Structures are given as C-alpha cells and as structure tokens.
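Structural overview for review
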Amino acid sequence: MQQPQIRQTLPSKTPLVIAIDGPSGSGKGTIAGYLAAQFNLAHIDSGLIYRQVGLYVMDHHLDPDDLSAKDEEVIKDFITTIDPKTLDADARLRLEKTANVASKLAALDWIRKAVNQWLYAQVDNPPEGVVGYVIDGRDITTAVFPNACAKFYITADEHVRLERRKKETLEVSSHITRNMNERDRRDATRKIDPLTVAVDAFIIDTTHLSIDEACHNASQCVTERCF
Ligand code: DC
C-alpha cells in the first residue's frame, strides 16, 4: 500500500472530526486508519468501546439480556474509565462472543448515551498534539457527529465482508457467518440509532476496490470537504 503523506494544517481550533459508518467487514476500519495517518489525526474505533463493555459484562458474569438498575450504574461508571490509549489492548475484544454481547448491549439506549458521552469527552479534551479525529462505527455520521466535516458510508457485498472477517480470525467459520449476519441484522434494525446511510455521506462500495483505491477515494473526499 502506498505510504500516506502527512498533512499538518487544519482549518480551525475545534478538533476536526471525520465520521465513518458501515457494516462489519466493509473496510471502514482500514480506511479510517489510512485517513488518520494521512491527515495526522487520532483514530477511534467506536466498536471497540461497545466491545469493552461486552467484555466487562462477561467478566462480571452479568446477563446482557437482563441487566438490573445496579448493573446499569456500574456499567456506566465503567465506561467513564475506559482509556483511549488501551482501547485495543485485550485480544479477547476480537472474539466472536465479545462481538455478540457488544451487539446486544449496543441496542440499549443508556449504553449508547454513555458511549457517546465518552466520545464527546475525548473530542472536547484532545491530548496534546491531537488536532482531530477519525471515528468509525455504526451511528457516527447519523447520530454522534452529524456535523463532521466529511462523512462516509463504507459498504461491500455480504459474501466479500464475510470472507474478510473469516481471514481475520481463527474461529470456526460457520459460527462467523451466522453471528455476523445476526449482528448486522440487529445493528441495522434496532430502535435507537440503527446503522443507516446519512443523506450527505460519501458512499464507498469496496466490493471490487483494492485497499489503495478505496483509501484514495476517501482521501480525495476529505481534502475537498475538510481542507
Ligand atoms: O464494529 P464492531 O464489530 O467492533 O462493533 C461491535 C458492535 O458494536 C457491533 O454490533 C456494532 C456496535 N456498534 C454500534 O452499535 N455503534 C457504533 N458506533 C459502533 C459499534
């Protein structure tokens, strides 16, 4: 993959946000990482926050389908303690069972609110040297940062997304097919902030694109819309 060129100048003092949504395996994480490197921005994969909460729930033997008011309080407290520097530190975050619990939790209004608060806290208080963010997830363009300077919806045919997901993991592939379909269905049909295409999103279908082509298209759009 060609090396991204680092760009330093940014338009305002307010941290710049590039928002990216799309289903699993669409390539949104790869594009987000590329844009972050090219434009010298920090990257937050918001799915990892839901996965962190999923791990917390599993580690504390809580039932994601039946959380009490007390559970709600401890989980909300936990979310405030999540450290952006170690968001990806635990290998168990990538397991299918963690993703499945995360997807169930992501349907809960109070969890979504707490995660969004966490995201706003990061963007409002960027660490020294961070001038903007690339944030990817399912509702970033539509609900969390609807005023982002560039908004993307990344997609790909279902079989291509499944093949990409299977390549990333050592887990049994028949489980992955069933789980991913189930999560995608849940993420797109839940009542609160389901995955949808924002009206002003730049849509990239990566089914027949190389990583270079997809990243180049996204990068051109950012240059036009944010700089
Ligand atoms: O992108 P991912 O597979 O790591 O996300 C884990 C789960 O969290 C997935 O079911 C979608 C959900 N999610 C969400 O509802 N909203 C986001 N902004 C990010 C992820």
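Now for a look at the structure at hand. Remember, it's a predicted structure, so these values are computed and weren't measured experimentally.

1. A few points about the overall build of the chain
The helix and strand inventory of the chain stands at 9 helices and 5 strands. A globule of 227 residues ought to have a C-alpha radius of gyration of about 17 Å, and the chain, at 17 Å, matches this closely. With respect to the principal axes defined by its C-alpha atoms, the chain has extents near 45 × 40 × 30 Å. A fraction of 81% describes how many contacts in the chain between residues 6 or more apart in sequence connect residues 24 or more apart.

2. Thoughts on the state of the cysteines
For the coordinates displayed, the defined rule picks out 1 disulfide. Left without a disulfide partner, Cys-221 is nearest to the cysteine sulfur of Cys-226, which lies 7.3 Å away. The buried category is assigned to Cys-221, whose relative accessible area is 3%.

3. Focus: helix α4 (residues 96-105)
For α4, the tally of buried residues reaches 7 of 10 residues, placing the bulk of the element in the interior. Inspection of α4 places Glu-96, Thr-98, Ala-99, Val-101, Ala-102, Ser-103 and Leu-105 among the buried residues, and these make up the whole buried set.

Here is what the cut-offs are and how they apply
- Residues numbered from 1 in each chain as written.
- Predicted model: local features only at pLDDT ≥ 70, side-chain atom pairs only at ≥ 80, totals over all residues.
- Heavy atoms only, no water.
- Helix = DSSP H or I, 4+ residues; strand = E, 2+ residues; numbered from the N terminus.
- Rg over C-alpha atoms; globule rule 2.2 N^0.38 Å.
- Contact = heavy atoms within 4.5 Å.
- Disulfide = S-S within 2.5 Å.
- Buried < 20%, exposed > 50% of the residue type's maximum accessible area, 1.4 Å probe, protein only.

All we've got here are geometric facts, nothing functional implied.
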